[in-house]
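Analysis of the macromolecular model
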Amino acid sequence: MMDFLNAYRRYDPAAKSFFEIVLCYPGPKAILFHRVAHFFYSIHLYLFARLISEMSRFITGIEIHPGAKIGKRLVIDHGMGVVVGETAVIGDDCLIYHGTTLGGVNRVNGPRHPTVGNKVIIGAGAKVLGPIHIGDEAMIGANAIITKDVAMGSTVIGANQVINQRL
């Protein structure tokens with residue numbers, strides 16, 4: 001638990017104490033609710049999982065489907081309007097800003113949401129859509145619309161515009 005809270009302290013210089021993070025930040029609350037909802041989802045208590053998820057959305061303004069898989073030390077900064085779809089996967093040590101969507105583009109069964117690697121930063125308002133893969137240490141710019149795979153270490157802005165790519 002302290003490792004998770006330390007991630008918030010590292011990413012947010014405005015965080016003055018652990019108590020402030022626990023009591024006032026919506027991201028940690030949403031992730032805690034998600035962990036509980038995901039447990040119930042994993043044992044096929046889908047309605048109960050969705051009820052917990054809905055309660056979390058009401059309290060935090062962050063919508064994470066209970067089926068989504070979230071790694072360690074995810075930081076959701078500000079958080080309002082973040083949406084994470086059912087089949088989304090988020091790696092370890094990621095940073096997601098407010099207004100971000102990890103969404104689907106079709107109604108097929110199976111994976112339809114993004115897989116986000118480790119140490120990825122997704123800027124405010126970004127829309128990452130479809131069953132695509134975002135490589136480790138990639139950076140997605142604010143308000144970007146991403147519908148194609150992003151290579152490890154790349155920086156992407158606008159509509160799938162790569163401005164920096166590790167070779």
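Now for a description of the structure that goes with this document. (Residues numbered from 1 in each chain as written. Predicted model: local features only at pLDDT ≥ 70, side-chain atom pairs only at ≥ 80, totals over all residues. Heavy atoms only, no water.)

A look at the environment of K72
Rule in force here: The helix and strand labels rest on DSSP assignments: H or I over at least four residues marks a helix, E over at least two residues marks a strand, and numbering proceeds from the N terminus. Relative accessible area decides the class of each residue, using a 1.4 Å probe on protein chains only: under 20% of the type maximum gives buried, over 50% gives exposed, and in between gives partly exposed.
Positionally, K72 belongs in the loop between β2 (69-70) and β3 (75-77). K72 sits in the exposed class, given a relative accessible area of 53%. Along the sequence, K72 and G91 sit 19 residues apart, while their C-alpha atoms lie 7.2 Å from each other.

Re the environment of V83
Our working rule: Pairs of residues are marked as contacts when any of their non-hydrogen atoms sit within 4.5 Å.
Structurally, V83 is set in strand β4 (residues 83-84). Take V83: its relative accessible area is 28%, and that puts it in the partly exposed class. With 44 residues separating them along the chain, V83 and K127 place their C-alpha atoms 9.5 Å apart. If we ignore the near neighbours within four places in the chain, the residues touching V83 are E63, T100, T101 and L102.

Quick look at unusual backbone geometry
You will see that R73, though not glycine, has its phi angle at about 60°, which is positive. Checked against the element boundaries, R73 lands in the loop between β2 and β3. Look at R73 and you get buried, because its relative accessible area is 18%. The backbone of E137 shows a phi angle near 60°, a positive value even though the residue is not glycine. Along the chain, E137 turns up in the loop between β11 (133-134) and β12 (139-140). E137 sits in the partly exposed class, given a relative accessible area of 37%.

Considering the sheet that holds strand β10 (residues 127-129)
Definition in use: Pairs of strands are assigned from DSSP output, requiring at least two bridges between the strands.
If you walk across this open sheet you meet the 5 strands as β1-β4-β7-β10-β13, and the pairing is parallel. Taken across any chain shown, the strands that pair with only one partner, and hence form the sheet edges, are β1 (63-64) and β13 (145-146). Relative to strand β7 (residues 101-103), β4 runs parallel, the two sharing 2 bridges. Counted as the bridge partner of V84 is L102 from β7.

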